Amino acid sequence: MTDCKQTNFGFQGVGRRKVEADFSGGHLSSDSGVLLIGELDQRLGLSDAFACCFSDRRDQRLIEHSVPELIRQRIYGLVAGYEDINDHERLKYDPLLATAVGKEDPLGEDRSARDQGKALAGKSTLNRLEIGAQRQSGLHKIHADADAIEAFFIEAGVAAIPANTKEIILDFDATDDLIHGMQEGRFYNGYYRNYCYLPLYCFCGNIPLLAQLKESNIDGTVEALKKIVPALRKRFGEKVKIIVRGDSGFCRDEILKWCEDKNVFYCIGLAKNKRLVQQLNNALFRARATSIQCGGYATEFDEFEYRTLNSWSCARRVIGKAQIMPKGENSRFVVTNLSEESIDPAARFAPRRLYKELYCARGEMENRIKEQQLDLFSDRTSTSWKASNQLRLWFSTLAQLLVEILRSHALAGTRLAKATTGTIRQKSS
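All of these numbers come straight from a predicted model, not from anything done at the bench.

(A) Spatial organisation of the overall build of the protein chain. When helices and strands are tallied, the protein chain shows 15 helices and 15 strands. C-alpha extents for the protein chain along the principal axes are approximately 95 × 65 × 45 Å. The buried share of the protein chain, reckoned over its 429 residues, is 49%. Considering only intrachain contacts with a sequence separation of at least 6, the fraction spanning at least 24 residues in the protein chain is 63%. When the accessible surface of the protein chain is totalled, it reaches about 22000 Å², and 50% of it is carbon and sulfur.

This is the structure in structure tokens:
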């Protein structure tokens, strides 16, 4: 039987130039950006250090994909926009990804006949890597040490903070991650009105320090602070100023008291109630008077000492914002142990500046969580076990750390220095 497949098509020439379409291109890839990520990662040694948190009980004489290679394949895939391990059934043929991962044979030409042309691991091998976080068995011989991984992120994140930093702001936030069926750790959350995980994040600027997959009825903020604060002081000294920032979900006496006892500052949202609004009456009166001459808009700030009836162990400084808008009044509050540096109303920790410049700036951290969820797929926590879902969240967090280092080093001074992961991905492919 004659092979009639035509791979070349000739077209009308242009002057002395020959024009020809050739469809025998062989192995092709559009993910050239992973080469830059791979180069950056291998220079910093991040994925290799992360891989040291895993134990590998496989017979090393028989394996073709080491743990560092599997981790790099998974992380670079997330950065390139491939959210599922199912995508790696196609990606295992990708020569550029294989080159970035560090494969000496990126075309898979030297592998056995069954795996000829497949330089990288398939979905089944990657699945065993993830499921091994939950249990070790005859099939699952790679196991992740959760405590070691938490310590890795804190150490790597602290190392990424500029060495001359005198003040460090830790942004804490949690977000809902909906449960897929009867998963381990399933719990109903009244605020989100659904069954969900409630992952806890901590960022220093754009640098992730913590990504902890929690059940939605558990808080781990103090436990996280006990690990992060000593690591910061070890590198920057005992005199470094540390400020914890968060929304009203973190306004609990346990957290506030721990910060006060450990010489850590905080600026945290405070849910309003009738007593707080009454304390803001003078500011509201001034705002109403001003709004008449300002088109119905006015904002005034005030501060006072406040203590809850039962839950707080002491009185604390509260900043109140009295805002008047055409649609009505909008009162907001924050609690802080930062004191005014002077009587000057323009002082950094005076009510207006503290609220508008310090507290409201925490919104940027929410953008980092959205970026990790939308661009790096941190919410793809769909396995049956919490430990393997936590590992997926850590993979996404390592990808986020790599992208942030890419932005601050390789892309500094360019128009992509502040771009999201999705934008960088589109421009570098």
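Picking up after the structure, the text goes on.
(B) The arrangement of the packing of helix H7 (residues 146-160) against helix H8 (residues 221-236) in detail. Interaxial distance between H7 and H8 falls to 10 Å at its minimum, and their mutual angle equals 40°. Between H7 and H8, the angle is such that the two are oblique. Here H7 runs over H8; the crossing is right-handed. Note on element contacts: H8 touches H7 through Lys227, Ile228, Ala231, Leu232, Arg235 and Phe236, opposite Glu150, Ile154, Val158, Ala159 and Ala160. Classifying every residue of the contact of H7 with H8 by side-chain character gives eight nonpolar, no polar and three charged.

(C) Expanded view of the sheet that holds strand E12 (residues 265-270). Sheet architecture is open: eight strands sit in the order E10-E9-E5-E11-E12-E15-E14-E13, paired in mixed fashion. The open sheet has two free edges, formed respectively by strand E10 (207-212) and strand E13 (298-306), since each of these has just one partner strand. This sheet shows a mean twist of 20° between the axes of neighbouring strands, independent of strand direction. In this sheet, E10 lies alongside strand E9 (residues 200-204) in antiparallel orientation, the contact comprising five bridges. Within E10, the residue paired with Cys202 across the bridge is Leu210. Against the sheet, helix H13 (residues 363-374) contacts strand E5 (167-174) and E9, and its axis sits at roughly 120° relative to E9.

(D) Highlighting the sheet that holds strand E8 (residues 194-197). Here we have three strands laid out as an open sheet, ordered E6-E8-E7, and antiparallel in their pairing. The open sheet has two free edges, formed respectively by strand E6 (177-178) and strand E7 (188-189), since each of these has just one partner strand. Pairing analysis gives two bridges linking E7 to E8, with the strands arranged antiparallel. Along E8, the bridge assignment pairs Tyr188 with Tyr195.

(E) Main features of the packing of aromatic side chains. Inspection of every chain in the model, using the stated rule, returns 13 aromatic pairs. Seen in terms of ring centroids, Tyr188 and Tyr195 are 5.3 Å apart; in terms of plane orientation they differ by 70°. Their pairing is edge-to-face. You can call Tyr195 partly exposed: its relative accessible area is 32%. Here the aromatic rings of Phe301 and Tyr355 are separated by 5.6 Å at their centres, their planes lie at 50°, and the arrangement is tilted. In this pair, Phe301 sits in strand E13 while Tyr355 sits in helix H12 (residues 351-359), placing the two residues 54 residues apart along the sequence. A relative accessible area of 9% means that Phe301 is categorised as buried. One aromatic cluster is present, built from ring pairs that chain together Phe50, Phe54, Phe152, Phe153 and Phe395. Across the ring face of Tyr195, the terminal group of Arg186 is positioned such that the distance to the ring centre comes to 3.7 Å. Just above the ring of Phe265 sits the side chain of Lys241; from NZ or CZ to the centre is 5.1 Å.

(F) View of helix H9 (residues 253-261). Along H9, the positions that sit buried rather than exposed are Asp253, Ile255, Leu256, Trp258 and Cys259. Elements in contact with the buried residues of H9: H8, strand E11 (241-246), E12, strand E14 (316-325) and strand E15 (328-336). Among the residues trailing H9, Asn263 stands out with phi positive, at a value near 60°.

(G) Spotlight on the environment of Val318. Within the secondary structure, Val318 is located in strand E14. In this structure, the C-alpha to C-alpha distance between Val318 and Gln279, residues 39 residues apart in sequence, is 10.0 Å. Apart from residues lying up to four places away in sequence, Val318 is in contact with Leu270, Leu276, Asp302, Glu303, Phe304, Tyr306, Phe333, Val334 and Val335.

(H) View of the nonpolar core. Of all hydrophobic cores here, the largest spans 97 residues; its most connected members are Phe50, Phe54, Leu170, Phe172 and Ile228. In terms of residue count, helix H14 (residues 386-410) provides more of this core than any other element does, 10 residues in total. Residues contacting Ile228, with those up to four places away along its chain left out, are Ile154, Leu170, Phe172, Cys202, Leu209 and Leu210. With 12 residues, the next largest nonpolar core counts Ile243, Leu338, Phe349 and Tyr355 among its residues.

(I) Layout of helix H6 (residues 123-131). Those residues of H6 that fall on the buried side of the exposure criterion are Leu126, Leu129, Glu130 and Ile131. Structurally, H6 contributes buried residues whose contacts are with strand E3 (54-56), helix H3 (67-80), helix H4 (88-91), strand E4 (142-144) and H14.

Reading the values: rules and limits
Residues numbered from 1 in each chain as written. Predicted model: local features only at pLDDT ≥ 70, side-chain atom pairs only at ≥ 80, totals over all residues. Heavy atoms only, no water. Helix = DSSP H or I, 4+ residues; strand = E, 2+ residues; numbered from the N terminus. Buried < 20%, exposed > 50% of the residue type's maximum accessible area, 1.4 Å probe, protein only. Contact = heavy atoms within 4.5 Å. Areas by Shrake-Rupley, 256 points an atom, 1.4 Å probe, with all protein chains shown as cover. Axes fitted to C-alpha atoms, helices over the stretch in contact; angles between N-to-C directions. Parallel < 35°, antiparallel > 145°, perpendicular 65-115°, else oblique. Left-handed = near helix turned anticlockwise from the far one by under 90°. Nonpolar A, V, L, I, M, F, W, Y, C, P; charged D, E, K, R; others polar. Pairing = 2+ DSSP bridges. Phe/Tyr/Trp six-rings, centres within 6.5 Å; stacked < 30°, edge-to-face > 60°. Lys NZ or Arg CZ within 6 Å of the ring centre and 35° of its normal. Core = buried A, V, L, I, M, F, W, Y, C linked by side-chain atoms within 4.5 Å.

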